[in-house]
Amino acid sequence: MSIKIFVVMAPPELPDAGPDPEWQAENMVFVKDGFSLAALVIPVLWLVWQRMWLPLLAYLAYLVAISTIEMSFGLLISGIISFACKVLFALEANSLRRWSLGAKGWRTVGEAVGRNRNEAEFLFFRDLANQPARDGQGNEKTGREAAPAMRPAATRPATPRPDDEPEIFGLFPEAER
């Protein structure tokens, strides 16, 4: 079984600490990264289900363009172009969904990994509940204000390099010898 990556997005009205963990869990959206079979097989219904109205209008314009290409160049050329566009749409559908949510004010609060969505949700919220809360300077909070806070997806602390350490290029850790 393969591992899937999900981008966790929070609605615009969700504060960093959140009103309570149950509200957070019910209102966050886990968007899978990668190919969407439903977007390949039933793209119009998938767009309506996801409430992506602007991409739906663009898809309908694409359908008009494909029918125009079919009348001008024939069924073979339009079929090849249509197949390529459908595969491209299925590959980028979830990225388009993240963009659409971002345009509505949703923000990315993290990433989750699991064999399926349920496992990814469980692991994300388990890790979120177990992490110590931090203030704006990266210090741990204590007492009442220690509710778990949301972290951006890419929060990798930068490790400064000491000035006396030589800069190394390439794959080997040895500096000039």
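Up top is the structure.
Nothing here was measured: the structure is a model prediction, and the numbers come from that model.

K.L.:
Is there a simple way to explain the overall build of the protein chain in this structure?
P.N.:
When you go through the protein chain residue by residue, the secondary structure sums to 6 helices and 3 strands. Reading the secondary structure of the protein chain in the N-to-C direction produces β-α-β-α-α-α-α-β-α. Looking at the protein chain as a whole, 27% of its 177 residues are labelled buried. By sequence separation, contacts in the protein chain at least 24 residues apart represent 66% of the contacts at least 6 residues apart. By element, 60% of the accessible surface of the protein chain is carried by carbon and sulfur atoms, the whole surface being about 12,600 Å².

K.L.:
Is there a simple way to think about the side chain of Asn94 in this case?
P.N.:
In this fold, Asn94 is placed in helix H5 (residues 75-103). The exposure class of Asn94 is buried, given its relative accessible area of 7%. Every residue in contact with Asn94, bar those within four places of it in the chain, is listed here: Val31, Lys32, Gly34, Phe35, Ser36 and Trp46.

K.L.:
I tried to follow the packing of helix H4 (residues 53-73) against H5 on my own but got confused; where do I start?
P.N.:
Each pair of packed helices can be described by the angle between their axes along with the distance between the axes. Here H4 crosses H5 at 170°, and the two axes come no closer than 10 Å. Between H4 and H5, the crossing angle belongs to the class labelled roughly antiparallel. Of the residues in H5, those touching H4 at Leu54, Pro55, Tyr59, Tyr62, Ile66, Ile69, Glu70 and Phe73 are Leu75, Ile77, Ser78, Ile81, Ser82, Cys85, Lys86, Leu96 and Trp99. Taken together, the residues of the contact of H4 with H5 sort by class into 13 nonpolar, 2 polar and 2 charged.

K.L.:
Explanation requested: the pairing of strand E1 (residues 4-10) in the structure shown.
P.N.:
Side-chain direction in a regular strand flips from residue to residue, so the side chains alternate between the two faces of the sheet. Burial runs high along E1: 5 of the 7 residues are buried. Note: E1 against strand E3 (residues 107-114), 7 bridges, orientation antiparallel. Among the inter-strand pairings, Lys4 is bridged to a residue of E3, identified as Gly114.

K.L.:
Explain helix H6 (residues 117-130) here, please?
P.N.:
Here H6 spans 20 Å end to end across 14 residues, near enough to the 20 Å set by a 1.5 Å rise per residue. Inspection of H6 places Ala120, Phe124 and Leu128 among the buried residues, and these make up the whole buried set. Taken down its axis, H6 places every buried residue within 60° of arc, on the same side. Facing away from the buried side of H6 by over 90 degrees, the exposed positions are Asn118, Phe122, Ala129 and Asn130. Sitting at the amino-terminal end of H6 is Asn116, which places a side-chain oxygen 3.2 Å from the backbone nitrogen of Asn118.

K.L.:
I keep staring at the sheet that holds E1 and nothing clicks. Help me out?
P.N.:
Each strand in a sheet pairs with another by means of backbone hydrogen bonds, the pair being arranged parallel or else antiparallel. Here 3 strands make up an open sheet; going across it, the order is E2-E1-E3 and the pairing antiparallel. Edge strands, defined here as strands with exactly one partner in the open sheet, are strand E2 (29-32) and E3. Shown here is a sheet whose adjacent strand axes are inclined to one another by a mean of 30°, direction ignored. Along the sheet face, H6 touches E1, E2 and E3 and points at about 115° away from the line of E3.

K.L.:
Can you help me understand unusual backbone geometry in this one?
P.N.:
For residues besides glycine, phi is generally negative; the peptide bonds are generally trans as well. The phi dihedral of Arg51 falls on the positive side, at around 60°, and the residue is not glycine. The topology assignment puts Arg51 in the loop between helix H3 (43-49) and H4. Exposure remark for Arg51: the relative accessible area of 57% places this residue in the exposed category.

Conventions used here
- Residues numbered from 1 in each chain as written.
- Predicted model: local features only at pLDDT ≥ 70, side-chain atom pairs only at ≥ 80, totals over all residues.
- Heavy atoms only, no water.
- Helix = DSSP H or I, 4+ residues; strand = E, 2+ residues; numbered from the N terminus.
- Buried < 20%, exposed > 50% of the residue type's maximum accessible area, 1.4 Å probe, protein only.
- Contact = heavy atoms within 4.5 Å.
- Areas by Shrake-Rupley, 256 points an atom, 1.4 Å probe, with all protein chains shown as cover.
- Axes fitted to C-alpha atoms, helices over the stretch in contact; angles between N-to-C directions.
- Parallel < 35°, antiparallel > 145°, perpendicular 65-115°, else oblique.
- Nonpolar A, V, L, I, M, F, W, Y, C, P; charged D, E, K, R; others polar.
- Pairing = 2+ DSSP bridges.
- Expected span 1.5 Å × (residues − 1).
- Arc of directions from axis to C-beta.
- Polar contact = N/O pair within 3.5 Å; in protein donor to acceptor, adjacent residues only side chain to side chain.

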